[in-house]
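Survey of secondary and tertiary structure
For reference, the chains in residue letters:
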Amino acid sequence: MPSFAIKTFGCRLNRAESAGFQAALASAGWTEVPFGEPAEVCILHTCAVTANAEKECLRAIRLARAKQPGTFLVVTGCAVEAGAVERLLRLGASLVVAHPDRDELPRLVLEKFPAVAVSEEPPPPPLPVRPPLKVQDGCSFFCSYCIVPHTRGAPVSRPLAECLDEAARLVAAGHRELVVTGCNLACYADGGCRLSGLLAELHKLPGLGRLRIGSLEPGINEVEIARSMPGSPKLCRFLHLPIQSGATEVLKRMGRRYTADELRRRLDEICAAVPRIGLGADLITGFPGETDEDFAQTRRLVEDYPFSNLHVFPYSERPGTPAAEFPGQLPVSERKRRAAELIELRKNKRAAFAASWVGREVEVLVERNRNRVSTGWTGEYLPVKISGVLPVGALVTVRVDRADGETLLVNEK
Ligand code: SF4
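Please read these numbers as outputs of a predicted model, since none were measured by experiment. Residue positions are given per chain, counting from 1 as you read along its sequence in written order. For a predicted model such as this one, the threshold for reporting local features is a pLDDT of at least 70, and the threshold for listing and counting side-chain atom pairs is 80 or more; totals across whole chains, interfaces and linings nevertheless cover every residue. The basis for every side-chain value is the complete set of heavy atoms in the structure, and neither hydrogens nor water enter the calculation.

Quick word on the side chain of Arg210
As for its placement among the helices and strands, Arg210 is situated in strand S12 (residues 210-213). Arg210 gets classed as buried once you look at its relative accessible area, which sits at 2%. Under this definition, polar contacts are N or O atom pairs within 3.5 Å; protein pairs additionally need one hydrogen-donor-capable and one acceptor-capable atom, and for neighbouring residues in sequence, both atoms have to be side-chain atoms. Within the structure, the side chain of Arg210 is placed 2.8 Å from the side chain of Glu177, a separation counted as a polar contact. Among the polar contacts made by the side chain of Arg210, one reaches the main-chain carbonyl oxygen of Trp377 at a distance of 3.0 Å. We call two residues in contact when some of their heavy atoms are within 4.5 Å. Leave out the neighbours within four places in its chain, and Arg210 touches Arg176, Glu177, Leu178, Lys234, Cys236, Glu363, Val364, Leu365, Trp377, Thr378, Gly379 and Leu395. What counts as a helix is a DSSP run of H or I of at least four residues, what counts as a strand is a run of E of at least two, and both are numbered from the N terminus. Partly exposed describes any residue whose relative accessible area lies between the buried limit of under 20% and the exposed limit of over 50%, with all areas from a 1.4 Å probe on protein chains only and scaled to the type maximum.

What follows is the structure, given as structure tokens:
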């Protein structure tokens, strides 16, 4: 039986697409092996959201080719759009699959191996406990620093019926939590059905335990969605907002569609609607022209709200984006210094959020058990360790005994 291996870089959307490749190849009778082990086909699903991410992907292509000279090396993802195809072929790719053909990747691979017999009883497709449900792709916001509209193109939403069908299949396969995923999820639209309508329909699925929303562009429908949480018990009380900065001048230059004041008003409304919400954010430090005062405003915003999950990125120029040509580029060391400051803050805020759950009940989706300890995540996106063996995939309600940093600890009674 032929084998394949996949390495996925970057966002949840890439992971959702890779899950589709895995399922298609597995159902054609192929066996997945861990990346790095010998395989007929190696797939690298790349990311180019930052210069570092792209560099890492290019290094992985070189390494994969050097370690397995005979493998059929497939490269897809945003690095394909950001870099020239010729360059990727020179680095060792056997096949480069650009964005418009990404869904066709399994078929393109299978066409290269026509003599391979299809297994009569294909193994079940490998999927994580919390599989992503891709409902949208692309973005046309063209934030001044972002390469995504160039790599993924204009927004396209999957029809509601198709999303519901796939969700029903995943639930029937035993998955309790689905992560609704998109490139610019807030813009989901199928006719008159917007994101909140899609979530309401998914919420009705029998057998579904939890529904989690992926990263949500602020300024569109995050308040409406937070307000729906108290009446939607399956909807995780967690929102991840790529707010990027807390300074209006920086947001303006980034081409973001909200001011710092608007952001604060919306965060106030979210926190009022769901008092113990898990709040995540993406932040960029050292954007061109970001002054000490701008950065201080971002820091204050982070301090003022109960963020429990921060993804902090030092600004990284992407060739071809307007921001790469902006005056006032900051030294990389300063961008990193500011990022480190926020990362330090993140540690404290996350630990404080975890500590605030001690003595309270949380709902946990069990994802693993090892050495008689079961681990999983709460709806608010905190990791939990429960002493005792609970079945993987179970949704359990437990009382938190202690917190160790960001991790909630439960002694099973
Ligand atoms: S909304 Fe997000 S994906 Fe779209 S251009 Fe802005 S940062 Fe990029």
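Next comes the rest of the account.
Regarding a positive patch on the surface
For patch detection, residues must exceed 30% relative accessible area and be free of salt bridges, and they are connected within 9 Å for like charges or within 5 Å for nonpolar side chains (Val, Leu, Ile, Met, Phe, Trp, Tyr). The method behind every accessible area is Shrake-Rupley, applied with a 1.4 Å probe, and residues are considered shielded solely by the protein chains displayed. By convention in these notes, a salt bridge is any Lys or Arg side-chain nitrogen within 4 Å of a carboxyl oxygen on Asp or Glu. Think of it this way: Lys and Arg go in the positive column, Asp and Glu in the negative one, and His and the chain ends go nowhere. Charge coordinates come from a single atom per side chain, which is NZ of Lys, CZ of Arg, CG of Asp or CD of Glu. On the surface, Arg59, Arg62, Arg87 and Arg90 cluster together into a positively charged patch. Only helix H2 (51-67) and helix H4 (85-91) provide two or more residues apiece to the positive patch. Structurally, Arg90 is set in helix H4. Relative accessible area serves as the criterion here: at 66%, Arg90 is assigned to the exposed category.

Notes on the site of the ligand
Taken together, Cys139, Phe141, Phe142, Cys143, Tyr145, Cys146, Val148, Pro149, Asn184, Glu217 and Arg256 make up the full set of residues near the ligand. All residues other than Ala, Val, Leu, Ile, Met, Phe, Trp, Tyr, Cys, Pro, Asp, Glu, Lys and Arg, Gly among them, are scored as polar; the first ten of these are nonpolar and the last four charged. Within the shell around the ligand, the residues separate by chemical class into 8 nonpolar, 1 polar and 2 charged. One heavy atom suffices: a residue is near a molecule or strand as soon as one of its heavy atoms comes within 4 Å of it.

Points about the environment of Ile43
Relative to the helices and strands, Ile43 is located in strand S3 (residues 41-46). For Ile43, a relative accessible area of 0% gives the class buried. Separated by 366 residues in the primary sequence, Ile43 and Leu409 place their C-alpha atoms 38 Å from one another. Setting aside residues no more than four positions away along its own chain, Ile43 makes contact with Ala5, Ile6, Lys7, Leu25, Phe35, Val74 and Leu105.

Points about the sheet that holds S12
Following DSSP output, two strands are said to pair if at least two bridges run between them. With parallel pairing, the 3 strands of this open sheet are ordered in space as S6-S9-S12. With one partner strand each, in any of the chains shown, strand S6 (132-134) and S12 form the two edges of the open sheet. Pairs of neighbouring strands in the sheet enclose a mean axial angle of 30 degrees, with direction left out of account. Taken together, the 3 bridges between S6 and strand S9 (residues 177-181) define a ladder with parallel strand orientation. Across the sheet, Lys134 pairs through a bridge with Thr181, a residue of S9. In this fold helix H7 (residues 160-172) packs onto S6 and S9, with an angle of close to 160 degrees to the strand it touches most, S6. Note on geometry: axes are lines fitted to C-alpha atoms, helical ones only across the stretch in contact, with angles between N-to-C directions running from 0 to 180 degrees. Contacts from helix H8 (residues 195-203) reach S6, S9 and S12 within the one sheet, and its direction differs from that of S12 by about 160 degrees.

Things to note about the layout of surface pockets
Any residue with an atom within 4 Å of a point lines the site, the site being either a cavity, points on a 1 Å grid over the protein atoms alone where a 1.4 Å probe fits but cannot get out, or a pocket, an open set with protein on both sides within 12 Å along at least 5 of 7 lines. Grid points are joined across faces, edges and corners, and a volume is the space filled by probe spheres set on the points. In this model, the second largest pocket occupies a volume close to 760 Å³. Within the residue set of the lining of the second largest pocket, elements represented by two or more residues are helix H1 (12-27), S6, strand S7 (136-137), strand S8 (156-157) and H7. In terms of residue count, the dominant contributor to the lining of the second largest pocket is H1 (6 residues). The residue makeup of the lining of the second largest pocket, split by class, is 16 nonpolar, 5 polar and 10 charged. When residues of the lining of the second largest pocket are assigned to domains, at least three fall in each of domain 1 (3-112) and domain 2 (127-236). Throughout the structure description, domain borders are defined by an automatic or database domain assignment.

Quick look at helix H12 (residues 292-304)
One fewer than the residue count of a helix, multiplied by 1.5 Å, yields its expected span. When the terminal C-alpha atoms of H12 are compared, their 18 Å separation across 13 residues agrees well with the 18 Å that a helix rising 1.5 Å per residue should span. For H12, the set of buried residues is Asp294, Phe295, Thr298, Leu301 and Val302. Mapping the buried residues of H12 onto a view down its axis gives an arc of 115 degrees, with all of them on the same face. On the buried face of H12, the contacting elements are strand S13 (238-244), helix H10 (248-254), helix H11 (260-273), strand S14 (278-285), strand S15 (307-314) and helix H13 (332-355). It is the directions from the helix axis to the C-beta atoms that the arc portrays.

A word on the side chain of Arg335
For Arg335, the location among the structural elements is in helix H13. When neighbours within four sequence positions are excluded, Arg335 is seen to be in contact with Thr285, Gly286, Pro314, Tyr315, Ser316, Glu317, Gln329 and Leu330.

Description of the nonpolar core
For the purposes of this section, nonpolar cores are sets of buried Ala, Val, Leu, Ile, Met, Phe, Trp, Tyr and Cys residues that join through side-chain atoms within 4.5 Å. The biggest cluster of nonpolar side chains holds 64 residues, and the ones touching the most others in it are Tyr145, Leu198, Leu216, Leu239 and Ile243. The element that contributes the greatest number of residues to this core is H7, accounting for 5 residues. Apart from the residues lying within four places of it in its own chain, the contact partners of Leu216 are Leu185, Ala186, Leu195, Asn221, Glu222, Ile225, Leu239, His240, Leu241 and Pro242.

Section: the pattern of salt bridges
Think of it this way: side chains of opposite charge can pair up when their charged atoms draw near. Summed over all chains, the structure comprises 32 salt bridges. In this structure, Arg152 engages Glu17 in a salt bridge whose closest nitrogen and oxygen atoms are separated by 2.8 Å. With a gap of 135 residues between them, Arg152 in helix H6 (residues 148-152) and Glu17 in helix H1 connect regions that are remote in the sequence. This pair shows no difference in class: Arg152 is buried, exactly as Glu17 is. Residues Arg299 and Glu303 are paired through a salt bridge, measuring 3.0 Å at the closest nitrogen-oxygen approach. Residue Arg299 and its partner Glu303 are located together in helix H12, separated by 4 residues, close to a single helical turn. Among the charged side chains, a network of salt bridges with common partners joins Glu290, Asp292, Arg299, Glu303, Glu334, Arg337, Arg338 and Glu341.

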